[in-house]
Amino acid sequence: MAAPSGLMLALQVIKGRWFMVFACLLIMEVAGASYIFGIYSEEIKKKLGYNQQTLGTISFFKDLGSNLGVVSGLIQEVSAPWLVLLMGAGMNLSGYLMIWLAVTGRTATPQVWQMCLYIFLGSNSQAFANTGALVTCVKNFPRSRGVVLGLLKGLMGLSGAILTQLYHAFYGDDAEALILLIGWLPTAISIFFVFSIREIKASRIPNEIEVFYKFLYIVLVLVAYLMTIIIIQKEIKFSMLKYQISAAIVMVLVFLPLVLVIKEELSIIRNTNQSTANADSASINVEIEKPRSLAKLSSAASASEEQQNKTAMARILDAFRPPPRGEDYTILQALVSLDMITLFITSICGIGGTLAAMDNLGQIGRSLGYPPHGVSTCISLMSIWNCLGRLTSGFVSETLLNRHKVPRPLILTIVLLIAIVGHLLIAFAPPESLYIASVIIGFSFGAQWPLLFAIISEIFGLKYYSTLYNFGGMASPVGSYILNVLVTGQLYDKVALRQRTQTGVITPELNCTGVECFKLSFLIVAGVTVFGAAVSCILVARTFSFYRRDIYAKFREPTGEEVQIKMSDPTFYAITKSQIL
């Protein structure tokens, strides 16, 4: 059989679903600017004269923006993903560009509410990227959703380390320039690949899980390299040239999945040509089954007439009466479901607590006497383990679910218990423990996201997933406001004021030093996380029987002898697989 021409292969690659996956990977790899807030937050605090509570308020609006994706979800329900991605790109550029102009003094010093608006706009582009790219990819691979969520959310978690390497290569140690980088780079990539992201209605690819594992291996190589180079950078001071060489290696690994994409699309072309040749020589017999289809139409008509005869009150009650778990809930049915309420409370406690640690990591390190390079190392470690947590929870939970029927809510409970260890390490701060805490917090934070979004898709269905996915993410800013702004920020400023009174030294910035700065805050955070784990156990009990059955059965290819094809008239035809072959 003749090999496909270069033009045919190029068109197949660009139009194929694997190139769509590659485009989603690239978008996710630069979309996590909110995770490196700890690097440039000190510049905002210093240049604009903010205290820790004000910085916490700005951080809250960052978290609110990155997770308030309900608008983007509703837009995607009625439009194409390209519109969502373009809107997100515009918000990213405008938000971070205004922050950069303010910090560098190119504009008048903004009011606090203006800075909150700027960072909300910039970080809200992350929610638009999630909706446009990640949700679309999940819908294209519904039977591999845990793997897809783990891979894409993992790369978003890794984006902090990737952006840090690129930032050092482009701008050295200029933290102000980092704000400019996260303004233009994600915008450019989203615009370049915007029309590659679309829903592709096609039959399931037989080897799709194997291909995703190949993507995983490439990502793990990237993770290993970043981990190694970060450790080296901690011990050896890098010159600009060394940072540029490191960034070049990162870019090679980032684009390496394109080789896999080309290989898979070439295989699809060859298999399609082979199938076409076989189909031309096969005789297909069609058996008409009118009685069954007519009975279905009659049943549907009766149901429609019965629905019309219901009273308005009965229809309202039906709107609140949910279908069985796993079927497509309406948005209203999902939002008032006890399953959603318990999942939301669990996420407020778990994600909110880990976000409080992530957003304050720079200040935690400085208060404990870590050097600036050590703080940067902690942030990079947290970013890498954020990625590993997402990859682990996505792939491992999928394997445990398929092989042993282990409920995902049970794995979520275990992840919350792991996070408690990280919070206690920050609270008591043994020597050099912040590096270990960064790893634990990063892993726990990352692991919660694929579990949260996979549980939502499995319990409430995929019909309104764009909206429900983003509603689940709203737990993050709620938890961040409670545990970061109201608890951590206020208690830090309270201790800092007490230290200033005791020393009598008046400084422009309100800074705190010592273990006591964050001790009480993270003891409270640890207690809240324990409560979240207890609530998660309720969800485990409620969904245990649901996860014991085959929840993906409706997404499988037909396994019986009959495959029904709907024709233009209300008649169904049955074609047996044996006849086709």
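Source: prediction; values computed, not measured.

Calculation criteria
Residues numbered from 1 in each chain as written. Predicted model: local features only at pLDDT ≥ 70, side-chain atom pairs only at ≥ 80, totals over all residues. Heavy atoms only, no water. Helix = DSSP H or I, 4+ residues; strand = E, 2+ residues; numbered from the N terminus. Contact = heavy atoms within 4.5 Å. Areas by Shrake-Rupley, 256 points an atom, 1.4 Å probe, with all protein chains shown as cover. Buried < 20%, exposed > 50% of the residue type's maximum accessible area, 1.4 Å probe, protein only. Disulfide = S-S within 2.5 Å. Phe/Tyr/Trp six-rings, centres within 6.5 Å; stacked < 30°, edge-to-face > 60°. Lys NZ or Arg CZ within 6 Å of the ring centre and 35° of its normal. Core = buried A, V, L, I, M, F, W, Y, C linked by side-chain atoms within 4.5 Å. Axes fitted to C-alpha atoms, helices over the stretch in contact; angles between N-to-C directions. Left-handed = near helix turned anticlockwise from the far one by under 90°. Nonpolar A, V, L, I, M, F, W, Y, C, P; charged D, E, K, R; others polar. Salt bridge = Lys/Arg side-chain N within 4 Å of Asp/Glu carboxyl O. Polar contact = N/O pair within 3.5 Å; in protein donor to acceptor, adjacent residues only side chain to side chain. pLDDT = per-residue confidence, 0-100. Expected span 1.5 Å × (residues − 1). Patch = residues over 30% accessible without salt bridge, like charges linked within 9 Å, V, L, I, M, F, W, Y side chains within 5 Å.

**Points about the overall build of the chain**
Check the secondary structure of the chain and you find 24 helices and three strands. Sequence-distant contacts in the chain: of pairs separated by 6 or more residues, those separated by 24 or more amount to 83%. Split by element, the accessible area of the chain, about 24,300 Å² in all, is 66% carbon and sulfur.

**Some points on helix α21 (residues 465-473)**
Burial analysis of α21 places eight of its nine residues in the buried class, the great majority of the element. Every buried residue of α21 is listed here: Tyr-465, Ser-466, Thr-467, Leu-468, Tyr-469, Asn-470, Gly-472 and Gly-473.

**Topic: the state of the cysteines**
Across all of its chains, the model carries one disulfide by this definition. For Cys-512, the disulfide goes to Cys-517, at an S-S distance of 2.0 Å. Between Cys-512 and Cys-517, the S-S dihedral sits near -95°, and the bridge is therefore left-handed. For Cys-512, a relative accessible area of 3% gives the class buried. By relative accessible area, which is 1% here, Cys-517 ends up buried. Cys-137 provides the cysteine sulfur closest to Cys-24, a residue in no disulfide bond, and the two sulfurs are 4.4 Å apart. A residue is classified by how much of its surface remains accessible, and Cys-24, at 0% relative accessible area, is buried.

**Some remarks on the packing of aromatic side chains**
In this structure the tally under the stated criterion is 30 aromatic pairs. Members of the aromatic cluster, each reached through a chain of ring pairs, are Phe-19, Phe-22, Phe-192, Phe-193 and Phe-255. Seen from the ring of Phe-141, Arg-17 lies directly overhead, with NZ or CZ sitting 5.0 Å from the centre. One cation-aromatic arrangement involves Lys-153 over Trp-449; the distance from NZ or CZ to the ring centre is 5.1 Å.

**Some thoughts on the nonpolar core**
In this structure, Tyr-40, Ile-44, Leu-158 and Phe-215 are the most contacted members of the largest nonpolar core, which totals 152 residues. Looking at this core, the element that brings in the most residues is helix α20 (residues 433-460), giving 16 residues. The contact partners of Phe-215, leaving out residues within four places of it in the chain, are Trp-18, Val-21, Leu-25, Leu-151, Pro-257, Leu-260 and Val-261. Ranked by size, the runner-up nonpolar core spans eight residues in total, among them Phe-60, Leu-64, Phe-344 and Val-485.

**Comments concerning the side chain of Ser-466**
By secondary structure assignment, the location of Ser-466 is in helix α21. Setting aside residues up to four positions removed in sequence, Ser-466 forms contacts with Gly-73, Gln-76, Glu-77, Val-135 and Lys-139.

**Regarding the environment of Gly-446**
Among the secondary structure elements, Gly-446 is positioned in helix α20. Excluding anything up to four places from it in sequence, Gly-446 contacts Asn-386, Gly-389, Arg-390 and Ser-393.

**Considering the packing of helix α8 (residues 145-171) against α20**
Two quantities define a packed helix pair, namely the angle between the helix axes and the distance between the axes. One way to put it is that α8 packs onto α20 with a least axis distance of 9 Å and a crossing angle of 145°. Crossing of α8 against α20: the hand is right-handed. Between α8, through Arg-145, Leu-149, Gly-150 and Lys-153, and α20, the contact on the second element is made entirely by Trp-449, Pro-450, Phe-453, Ala-454, Ser-457 and Glu-458. When its residues are assigned to classes, the contact of α8 with α20 shows five nonpolar, two polar and three charged.

**What to know about the pattern of salt bridges**
As enumerated under the stated definition, the model contains 10 salt bridges in all. Between Arg-408 and Glu-458 there is a salt bridge, with the nearest N and O atoms lying 2.7 Å from each other. You can see Arg-408 sitting in helix α19 (residues 408-428) and its partner Glu-458 sitting in helix α20, a full 50 residues away along the chain. Like Arg-408, the residue Glu-458 is buried in the burial classification. Each of Glu-43, Lys-46, Lys-47 and Glu-176 takes part in a single network of salt bridges with overlapping partners.

**Quick look at the environment of Leu-158**
Note on placement: Leu-158 falls in helix α8. Sequence separation between Leu-158 and Val-30 is 128 residues; the distance between their C-alpha atoms is 8.6 Å. Setting aside its immediate chain neighbours within four residues, Leu-158 contacts Leu-222, Val-223, Leu-226, Ser-383, Ile-384 and Cys-387.

**Quick notes on the side chain of Gln-76**
Within the secondary structure, Gln-76 is located in helix α5 (residues 70-78). Only 3.1 Å separates the side chain of Gln-76 from the backbone oxygen of Thr-131, close enough to count as a polar contact. Not counting residues within four places of it along the chain, the set of residues in contact with Gln-76 comprises Pro-81, Val-84, Thr-131, Gly-132, Val-135, Thr-136 and Ser-466.

**With respect to the confidence of the model for the chain**
Mean pLDDT over the chain stands at 83; residues scoring 70 or higher make up 84%. Every residue in residues 282-297 scores below 50 in pLDDT, and together they form 28 contacts with partners more than four places removed in sequence or on other chains. In the predicted structure, residues 559-581 sits below a pLDDT of 50 and forms 49 contacts with residues beyond four places in sequence or in another chain.

**Some words on helix α6 (residues 81-103)**
Here α6 spans 33 Å end to end across 23 residues, near enough to the 33 Å set by a 1.5 Å rise per residue. Looking one or two places after α6, you find Gly-105, whose phi comes out positive at around 75°.

**Observations concerning a nonpolar patch on the surface**
Among the surface-exposed residues, Trp-82, Leu-83, Leu-86, Met-87, Ile-191 and Phe-195 lie close enough to one another that they form a single nonpolar patch of about 540 Å² accessible area. Broken down by element, the nonpolar patch gets its largest block of residues, four residues, from α6. With respect to the element layout, Phe-195 can be found in the loop between α9 (175-192) and α10 (208-235).

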